[in-house]
Amino acid sequence: MFTEILIYGLVQGCILALFALGFSLVYGVGGILNLSHGAFYLITCYVIFKMDQITELWVAMTIGIVVVVIIGALTYIALIKPLQHSQIGVLIVTFAFAFLIEQFVKVWAGIVALIQLMFHGFIILSTFFGLNLQFFNIVVIVGALILVTVVILFIKKTTLGKSIRAVAQDKEAAKLMGINTDRILIASLIISALLAGSVAIFYAGNTFQPADAWRTLLSAFAVTIFGGMGSISGSIIGAFIMGYATTITQYIPGVGPYSALVPIVIILIMLIIRPQGLLGKKEVK
């Protein structure tokens, strides 16, 4: 049982980290609560599902990532940028977009029907510490850790990454220093969409449904609040804490059915003890 908790908690933490990292990045850079973040995941799932019926799997995955990256950029240009000075406006328009995507998938994929992604060759590869690991679990762990590491190195080491950090620290000062903040915000949305879309690839072989757009958003939001709004490191640490906390409760007799409530309880406790989150900075008035 200990080994199962160790592995499945790691898988859950990796998935939550990818979801929360993109959501937290966009908030940290532009102060934008992107309620269409979960729709990026759903879009990628749907595109891969449809394209896999007519082409090779790797081609379907590539097309899915390209589509969600383009949609991420267009989301900022067409929806967020015109309303970025109105937080309520951004919340409403991104909510409306997410709702539109959910309804689109319902219409084209079948109402309340779970859609099985018929991906090829997901077999058990080996036994790790006595636990049978399916191939997609290995892909999730390795792929997610690589992606998170690449994003962190990108933000810390590259010129564009340093510009993203500068805008996150002080948007007006960054503008005065000649940084194109619109370009930085588009880059942040693209990275966010890429991370959400990558989960659709790592979760190949699982089912998805239209309501997953909201489940994904709530997971990302919960982890971001727990780790600290806008804190990338806080989101990553918070994701693994949430992942293991949820997994552990699933193995406790009589508590398992209520494991979905664990993140909410943790968030409430954190908001009472430390409102700014695990690694969030306290606002100075």
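In case you missed it, the structure is sitting above this.
Because the structure is a prediction, the values reported are computed rather than measured.

### Quick notes on the overall build of the protein chain
Now for step 1: What the protein chain contains, in helices and strands, is 11 helices and four strands.
Now for step 2: Counting all 285 residues of the protein chain, 45% fall into the buried class.
Now for step 3: Counting contacts in the protein chain only where the partners sit at least 6 residues apart, residues at least 24 apart contribute 74% of the total.
Now for step 4: For the protein chain, the computed accessible surface area is about 14,300 Å², with 70% contributed by carbon and sulfur atoms.

### Quick notes on a nonpolar patch on the surface
Now for step 1: A cluster of nonpolar residues, Tyr-258, Leu-261, Ile-264, Val-265, Leu-268, Ile-269, Leu-271, Ile-272 and Ile-273, forms a patch on the protein surface that exposes about 930 Å² of accessible area.
Now for step 2: Within the fold, Ile-273 resides in helix 11 (residues 262-273).

### Notes on a positive patch on the surface
Now for step 1: Positive charge collects at one region of the surface, where Lys-156, Lys-157, Lys-162 and Arg-165 lie side by side.
Now for step 2: Sorting the residues of the positive patch by element identifies helix 5 (135-157) and helix 6 (159-169) as the ones contributing at least two each.
Now for step 3: Within the secondary structure layout, Lys-157 lies in helix 5.

### Some words on the nonpolar core
Now for step 1: Grouped together as the largest cluster of nonpolar side chains are 59 residues, with contacts concentrated most on Leu-18, Val-29, Tyr-41 and Met-242.
Now for step 2: Sorting elements by how many residues they give to this core places helix 1 (residues 2-30) first, with 14 residues.
Now for step 3: The residues contacting Leu-18, other than those within four sequence positions of it, are Ala-144, Leu-147, Val-148, Leu-195, Ser-198, Val-199 and Phe-202.
Now for step 4: If you look at the next biggest cluster of nonpolar residues, it comprises 10 residues, including Ala-39, Val-47, Ile-101 and Val-105.

### Looking at the packing of helix 9 (residues 212-227) against helix 10 (residues 232-250)
Now for step 1: Close contact between helix 9 and helix 10 brings their axes to 8 Å; oriented N to C, the two are set at 115°. In this view, helix 9 runs roughly perpendicular relative to helix 10, as classed from their interaxial angle. The chirality of how helix 9 crosses helix 10 is right-handed. Along its contact with helix 9, which presents Ala-222, Val-223, Thr-224, Phe-226 and Gly-227, the element helix 10 presents Gly-234, Ser-235, Gly-238, Ala-239, Ile-241 and Met-242.
Now for step 2: For the contact of helix 9 with helix 10, the residue count by class is six nonpolar, five polar and no charged.

### Details of the environment of Tyr-251
Now for step 1: Mapped onto the fold, Tyr-251 is located in the loop between helix 10 and helix 11.
Now for step 2: What makes Tyr-251 partly exposed here is its relative accessible area of 27%.
Now for step 3: Between the C-alpha atom of Tyr-251 and that of Phe-2, which follows or precedes it by 249 residues, the distance is 9.7 Å.
Now for step 4: Tyr-251 has contacts with Met-1, Glu-4, Ile-5 and Tyr-8, leaving out every residue within four places of it along the chain.
Now for step 5: Side-chain polar atoms of Tyr-251 contact the side chain of Glu-4, separated by 3.1 Å.

Each value, and the rule that gives it
- Residues numbered from 1 in each chain as written.
- Predicted model: local features only at pLDDT ≥ 70, side-chain atom pairs only at ≥ 80, totals over all residues.
- Heavy atoms only, no water.
- Helix = DSSP H or I, 4+ residues; strand = E, 2+ residues; numbered from the N terminus.
- Buried < 20%, exposed > 50% of the residue type's maximum accessible area, 1.4 Å probe, protein only.
- Contact = heavy atoms within 4.5 Å.
- Areas by Shrake-Rupley, 256 points an atom, 1.4 Å probe, with all protein chains shown as cover.
- Patch = residues over 30% accessible without salt bridge, like charges linked within 9 Å, V, L, I, M, F, W, Y side chains within 5 Å.
- Salt bridge = Lys/Arg side-chain N within 4 Å of Asp/Glu carboxyl O.
- Lys, Arg positive; Asp, Glu negative; His and termini not counted.
- Charge placed at Lys NZ, Arg CZ, Asp CG, Glu CD.
- Core = buried A, V, L, I, M, F, W, Y, C linked by side-chain atoms within 4.5 Å.
- Axes fitted to C-alpha atoms, helices over the stretch in contact; angles between N-to-C directions.
- Parallel < 35°, antiparallel > 145°, perpendicular 65-115°, else oblique.
- Left-handed = near helix turned anticlockwise from the far one by under 90°.
- Nonpolar A, V, L, I, M, F, W, Y, C, P; charged D, E, K, R; others polar.
- Polar contact = N/O pair within 3.5 Å; in protein donor to acceptor, adjacent residues only side chain to side chain.

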